[in-house]
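Results of the structural survey
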Amino acid sequence: MALKMRCLSDDETLVQQAAFDFCKAFPPSAFARPLRDGSKVSIAGFWCDFSSLGFAGVRLDPSKGGTGLGHVAAGQIAEALGRQAIPSPFIATTGIACDLLMGKPPTLYDHHLRAINDGNMRLALAFDERGRHAHNVIETQAHCHGDSWVLSGQKRVAMQLGDATHLLVSALLDGLPADTGKIGIFLIPVDQPGVILSRRENLDGSLGADISLDGATVSQDALISSDDGAALSGLLDVGRAYLCAELLGLAEACFIQTVSFLKQREQFGAKLSSFQALQHRCAQLYADLQLARSAVLAALLALESQAPDTPLIVSVAKAKLGKVTKQIAHEAMQLHGGISMTDAFDLHFFTKRIWVCDAALGDDTYHSRRVAELLGY
Amino acid sequence: MSHDPFRLQVRAWLETYCPQPMRQPMTEEFGAAWGGRNPEFSCDSERGWLLNMAQKGWIAPQWPVAFGGAGLSREEADILQQELDAIGARPPLIGSGLWMLGPVLLEYGTEDQKRRHLPPIARGEVRWAQGYSEPNAGSDLASLKLRADLVGDAYVLNGSKIWSSYADKSDWMFLLARTDFNAPQHQGISFLLVDLTAPGITRRPIKLIDGTHDFCEVFFDNVRAQADDLVGLPGQGWTIAKKLMDYERLMIGAASFAPPPAQPGALGRSAKGIDDNAMLRAQIAQYDIDAFTLDWTNQRIRAEMEAGLPLVPAMASVTKLMGAVLEIEGKELVLKAHGSDALSWPVGSPASDRALAKDFLRARSSAIAGGTNEIQLNIIAKHALGM
C-alpha cells in the first residue's frame, strides 16, 4: 500500500484551530438541542457564519474566493463539527459536491462553486434507495427528452437534509440496467417541481427525507457527471472519509467528557477515576481512539493523493471508526451511569449522532465486508 | 532528490558491499546477526555484511565517529535507511545494545563510558542482555531487590534477575540494582553495566512452552562491577530505565526485527482456499482492519517524531499494547484457519512442521514482556489521562 503518512501542515493546523474555536460557540445546548426542539436556531443561519470564515469553500481555488486547501484540511473541519455534534451539510457540500464540481472543466460550474463558497448552496445526498446503504442499488431512471431529463424513482436522504437548497441525485441514464447503463449524477434544487419530500426525523434530531421523483424535469446542465459508476463510487468514498472525521470528533467529545466526569464524580468515598477497573477501560478507549485518528488521517491522505488503494483505505477507516466510535458511545453512557439516560444531559446528542453517522454510507459491518472483498477473500 | 550525491554514493557502496543473500527477507523473527565476542552467523554473507557495515560506521549511522558511528545527520541516516529498504537489506546487526543501551548511553553516559562501550556495540563485538525483572519483581518492577553495595571502587552485587533474553549468549548486561535501601522505592535504584563473565555469575536458560530457551535466570553472588560503570547518578536508575523501556516498546510496536508482514489479505485468501467459512473470514477482516490502522499509527508516530513534534502522551504504550493484542490475534487466526493440522505433526518431523503452533505460543509473550498489557493500561491512564 503506497500511502505515506505525514503530519498536518501549518495551514491545516490553522484551519483546525479556527474550526475548533468557531464550533465551540455551538455546543448542543446552543445548537443541536434548540434545532431538534424547533426553536430559534437554523442551519441556514449557522451555515452563513460558517461559510463567511471560509470553511465551506476551504477546498476551492483562491480565484473563486476559496482557501485552496485539500481533503486533509476539510477533514479537520468535519472533526471540529463532530466535537460539538453540529448537524450540517458540510459533508455533502464541501466534501462531495465540491469534489464533483471541481473535477469538471474549469469555469463550467463556477456559479455553483461560488454559491457554495458564499454559503448559499447547501447540499443533501439523494443517492441511497434503501434504508440500509447499498451502493449498487439504483433504480431511479433519467430519460432524455429533447433538452431535458425526466427523473423518476424513490430516494432516501439519510442525513443532512436540514435546510438543503439542492440535492445530488444518482440515476440510470435512459433507463438502462445498472450493469450496462450509464450512471448519471444530477444537481437539482430541492424545490424543483416533481420532487416530493416526505420529511423524516433522524435519531440525532437532524432531518432526513424520503423523496419521490415523480417525473421531475430538469435541464441538461443539471447532469454533472455520467459514466459507468466510477464517479459515484469515488464520491461515496469522499463522503465516507469525511464521515470518519466527523465520527472521530464525536467520539473524542464523548471520551473527554467521560474522563472528566470520572475525575469529578465520587462514590464509595473516592473519585471514580481512582478505580483501576475504570482506568483500564478508559485507557483502552484512548488506545482505540489513537488508532482511529490514524485511520482518519490515512483516509483523507488517500483522497488527497488519489492513491490507487483509496477504496480499501477508506473502507478500513470507516469500518474501524464505526466499530470504535460505537464502542465509545456505549462506554461513555455506561461510565456516566443514570445521568446518561436523561434527555437534559447533552451526552446523547453525541452518541446518537455516532449511530447516525456510522449507518450513513455503510456501517462497520458493510465496510468490513468490502475490505475482505477488495483484499480478495 | 534521487540524484543527491550522498544517495548515489550509498547506492553504489551497497551495490558492492551488501551480499545478495542479505537482500532476502528474514525467514524468522530475529533472523539476523546478534554479534558478540563469540558470534554465531547463519552464513558467511551474514558475517561479511556485519563487517562491511561496521567498517563504514553504518550500523549506528547517527552515532559520532569517535563512538563507532558515522556521524550522519538525520537526513543522511534517512537516505541510508531508504536505500537499505529499497534493496530489501536485512539489518546488519540486531540487539538491545544497539536499540536500547546505545541511545541511553548517548544521553546519560560519561565520556569514558561512551568511549569504552559504544564502539564495541556499533561494531557488533559485544552483545548485551537486559537485567530488569526479578523473581519477586515482575509487573511491580520498582520493588526489585538485587543489591549493589559500593565497596572501594566497585559495586558488589548479590541477588538474581529473571527473563533476561539471551543472557547465556551475551557478554555484558545492563541492569537495575538497589544501591540505597533507605531511599523511597523508586529513588534507591541505579543503572549498572556488568561483565557477564565476572566471577560469581551463574546463567541458567529457562525452557519455555514453545520449546525454546531464549530467556535466562541470572544469579549474582558477590559479583564486582566497576563503580565507573554506573550510568547517570546513583538513584537515577528508574528514570533511565523508563526511558529505555520507551525505546523497547517502540521497537516491539514497530517490529523492525521481524520478517516483512504478509501481503495484506494473504491470510484471508488462504483461509478461503482451505474452507470457505464466512465467520472465519469476518474475523480475519477485523484483524486486517486493525493491522492497517496500527501500521498507520506507527507511521504517524514516526512522521511526528521526524517533524520534531512532541510525542503524544503514552504513545509507546499504545502501540506496544495494540501490537501485542494484534499479534496474538493474528497467530490465533492462523491456527483457526488450519485447524488440528496446525496442532499436530509427524513424530520426529523437523521444527518447521511445528512453526504455526510455536509462533502462536511465542506470540503470548508479547503481551507480557516489556511490561504486560495491564501495565501499559496503567501507564496510559496515568500519563495520558491523568487518572
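For every chain, the first residue of the written sequence is number 1, and numbering continues from 1 along that sequence. As a convention, the first chain written is A and the first ligand written is 1, with the rest following in written order. Totals for whole chains, interfaces and linings use every residue, but because this is a predicted model, local features are given only for residues with pLDDT of at least 70 and side-chain atom pairs only at 80 or more, for both listing and counting. Side-chain calculation: all heavy atoms of the structure are included, whereas hydrogens and water are not.

1. Structural notes on the pattern of salt bridges
Applicable threshold: Here a salt bridge means any side-chain nitrogen of Lys or Arg lying within 4 Å of a carboxyl oxygen belonging to Asp or Glu. By the criteria applied, helices consist of DSSP H or I runs no shorter than four residues and strands consist of E runs no shorter than two, each listed in order from the N terminus. Only protein chains enter the accessibility calculation, which uses a 1.4 Å probe; a residue whose area is less than 20% of its type maximum is buried, one above 50% is exposed, and one in between is partly exposed.
Taken as a whole, this structure holds 44 salt bridges over all chains when the rule is applied. Its salt-bridge partner being Arg116 of chain B, residue Asp229 of chain B comes within 2.8 Å of it at the nearest N-O pair. Of this pair, Asp229 of chain B sits in the loop between strand E7 (215-226) and strand E8 (230-231) while Arg116 of chain B sits in helix H5 (residues 111-122), and the two are 113 residues apart along the sequence. Judged by relative accessible area, Asp229 of chain B falls into the buried class, the value being 1%. What makes Arg116 of chain B partly exposed here is its relative accessible area of 28%. A cluster of three or more residues bridged by salt bridges with shared partners is formed by Arg33, Arg36, Asp37, Asp343 and Asp346 of chain A.

2. Things to note about the pairing of strand E5 (residues 189-195) of chain B
Residues and elements named next belong to chain B. Counted only if it meets this: For two strands to pair, DSSP has to find at least two bridges joining them.
For E5, the buried fraction is high: six of the seven residues fall into the buried class. The pairing of strand E4 (residues 172-178) with E5 spans seven bridges and is antiparallel. Each residue of the ladder has a partner; that of Ala177, found in E5, is Ser190. Sheet analysis places E5 next to E8, joined by two bridges and oriented antiparallel. Across the sheet, residue Phe191 finds its bridge partner in E8, namely Val231.

3. Section: helix H1 (residues 10-23) of chain A
Spacing of three or four residues puts side chains on the same side of an α-helix, whose turn is 3.6 residues. Residue and element names in this part refer to chain A. The condition is simple: Take the number of residues in a helix, subtract one, and multiply by 1.5 Å to get its expected span. By arc we mean the arc of the directions from the helix axis to the C-beta atoms, nothing more. Residue contacts are defined here by distance: any two heavy atoms, one from each residue, within 4.5 Å place the two residues in contact.
For H1, built from 14 residues, the straight-helix expectation of 20 Å at 1.5 Å per residue is met to within 8% by its first-to-last C-alpha distance of 20 Å. Of the positions making up H1, those classed as buried are Glu12, Val15, Gln16, Ala19, Phe20, Phe22 and Cys23. Taken end-on, H1 shows its buried residues confined to a sector of 165°, consistent with a single buried face. Facing away from the buried side of H1 by more than 90 degrees, the exposed set consists of Asp10 and Leu14. Buried residues in H1 make contact with helix H3 (43-52), helix H4 (71-83) and helix H8 (276-305).

4. A word on the packing of helix H5 (residues 90-102) of chain A against helix H7 (residues 230-264) of chain A
Residues and elements named next belong to chain A. Put simply, the rule reads: Axes, fitted as lines to C-alpha atoms, cover a helix only where it is in contact. Angles between the N-to-C directions of the axes lie from 0 to 180 degrees. Left-handed describes a crossing whose near helix is turned anticlockwise from the far helix by less than a right angle; the clockwise case is right-handed. Residue polarity is assigned by list, with Asp, Glu, Lys and Arg as charged and Ala, Val, Leu, Ile, Met, Phe, Trp, Tyr, Cys and Pro as nonpolar; anything else, Gly included, falls into the polar class.
In the contact formed by H5 and H7, the axes pass within 9 Å of each other and the chain directions differ by 150°. The hand of the H5/H7 crossing is right-handed. Mapping the contact onto sequence places Phe90, Ile91, Thr94, Gly95, Ile96, Asp99 and Leu100 in H5 and Leu235, Val238, Gly239, Tyr242, Leu243 and Glu246 in H7. Among the residues making up the contact of H5 with H7, the classes are represented as eight nonpolar, three polar and two charged.

5. Regarding helix H4 (residues 96-108) of chain B
All names here are of chain B. Basically, it comes down to this: Here the bend at a residue is taken as the angle between two axes, fitted respectively to the seven residues that end there and the seven that start there.
The sharpest bend along H4 measures roughly 35° and falls at Gly102, with the proline Pro103 sitting one to four residues further on. Counting buried positions along H4 yields ten of 13 residues, so the element is predominantly enclosed. When we look at burial in H4, the residues that qualify are Ser96, Gly97, Leu98, Met100, Leu101, Gly102, Pro103, Val104, Leu105 and Tyr108.

6. A look at the interface of chain B and chain A
Which entries qualify depends on this criterion: Defined in terms of a 1.4 Å probe, buried area is the accessible area two parts forfeit on being brought together, summed over both.
With 38 residues of chain B at the interface, the matching set in chain A holds 39 residues. Summed over both partners, the interface of chain B with chain A comes to about 3200 Å²; 72% of that surface belongs to carbon and sulfur atoms. Its largest share of buried area at the contact with chain A, chain B owes to Trp296, Arg300 and Met387 of chain B, together 24% of the area lost on that side. At the surface where chain B touches chain A, the tally comes to one salt bridge. Of the charged contacts in the structure, one is a salt bridge between Asp290 of chain B and Lys320 of chain A, with a shortest N-O distance of 2.8 Å. When residues in the side of chain B that touches chain A are grouped by element, the largest group, 16 residues, is from helix H8 (residues 278-306) of chain B. For the side of chain B that touches chain A, a count of residues per class yields 22 nonpolar, eight polar and eight charged.

7. Describing the side chain of Ser170 of chain A
All names here are of chain A. Keep this limit in mind: What qualifies as a polar contact is a pair of N or O atoms within 3.5 Å, subject to a donor-acceptor requirement within protein and to the restriction that residues adjacent in sequence count only when both atoms come from side chains.
Within the secondary structure, Ser170 is located in strand E4 (residues 166-173). Look at Ser170 and you get buried, because its relative accessible area is 0%. One polar contact links Ser170 to Lys155, side chain to side chain, over a distance of 2.8 Å. If sequence neighbours within four positions are ignored, Ser170 has contacts with Ala126, Phe127, Glu129, Ile138, Thr140, Lys155, Gly184 and Leu232.

8. With respect to the packing of H8 of chain B against helix H9 (residues 315-338) of chain B
All names here are of chain B. Convention followed: By definition in this entry, angles of less than 35 degrees are roughly parallel, angles greater than 145 are roughly antiparallel, angles of 65 to 115 are roughly perpendicular, and the rest are oblique.
One can describe the packing of H8 onto H9 by two numbers: an axis separation of 10 Å at closest approach and a directional angle of 150°. With respect to H9, the axis of H8 lies roughly antiparallel. Once H8 is placed against H9, the crossing between them reads as left-handed. Contacts between H8 and H9 involve Leu280, Gln283, Ile284, Tyr287, Asp290, Ala291, Leu294, Thr297, Asn298, Arg300 and Ile301 on the former and, on the latter, Met315, Thr319, Met322, Gly323, Leu326, Glu329, Gly330, Leu333, Lys336 and Ala337. Classifying every residue of the contact of H8 with H9 gives eleven nonpolar, six polar and four charged.

9. Remarks on the packing of aromatic side chains
Note the cut-off: Two rings belonging to Phe, Tyr or Trp (six-membered ring only in the last case) form a pair when the distance between their centres is within 6.5 Å. Interplanar angles under 30 degrees mark stacking, angles over 60 mark edge-to-face geometry, and anything in between is tilted. Comment: the charge-over-ring label is applied if NZ (Lys) or CZ (Arg) is within 6 Å of the ring centre and within 35 degrees of the ring normal.
As enumerated under the stated definition, the model contains 24 aromatic pairs over all chains in all. Between Phe26 of chain A and Phe46 of chain A the ring centres are 4.8 Å apart and the planes differ by 90°, which places this aromatic pair in the edge-to-face class. In this pair, Phe26 of chain A is assigned in the loop between H1 and helix H2 (32-36) and Phe46 of chain A in helix H3, connecting sequence segments 20 residues apart. Accessibility assignment for this pair places Phe26 of chain A and Phe46 of chain A in one class, buried. Centre to centre, the rings of Trp13 of chain B and Tyr17 of chain B are 4.9 Å apart; their planes meet at 25°, and the pair counts as stacked. In this pair, Trp13 of chain B and Tyr17 of chain B both sit in helix H1 (residues 5-17), four residues apart, roughly one turn of the helix. Judged by its relative accessible area of 12%, Trp13 of chain B is buried. Members of the aromatic cluster, connected to one another through ring pairs, are Phe22, Phe26, Phe31, Phe46, Trp47, Phe50, Phe55, Phe90 and Tyr242 of chain A. In this arrangement the basic side chain of Lys56 of chain B is found over the ring face of Trp58 of chain B, its NZ or CZ atom lying 5.2 Å from the centre.

10. Looking at the confidence of the model for chain B
How we decide: Each residue gets a pLDDT score, which is the predictor's confidence in that residue and runs from 0 to 100.
Summary statistics for chain B give a mean pLDDT of 92 and a share of 96% for residues scoring 70 or more. Complex prediction metrics read pTM 0.90 and ipTM 0.95.

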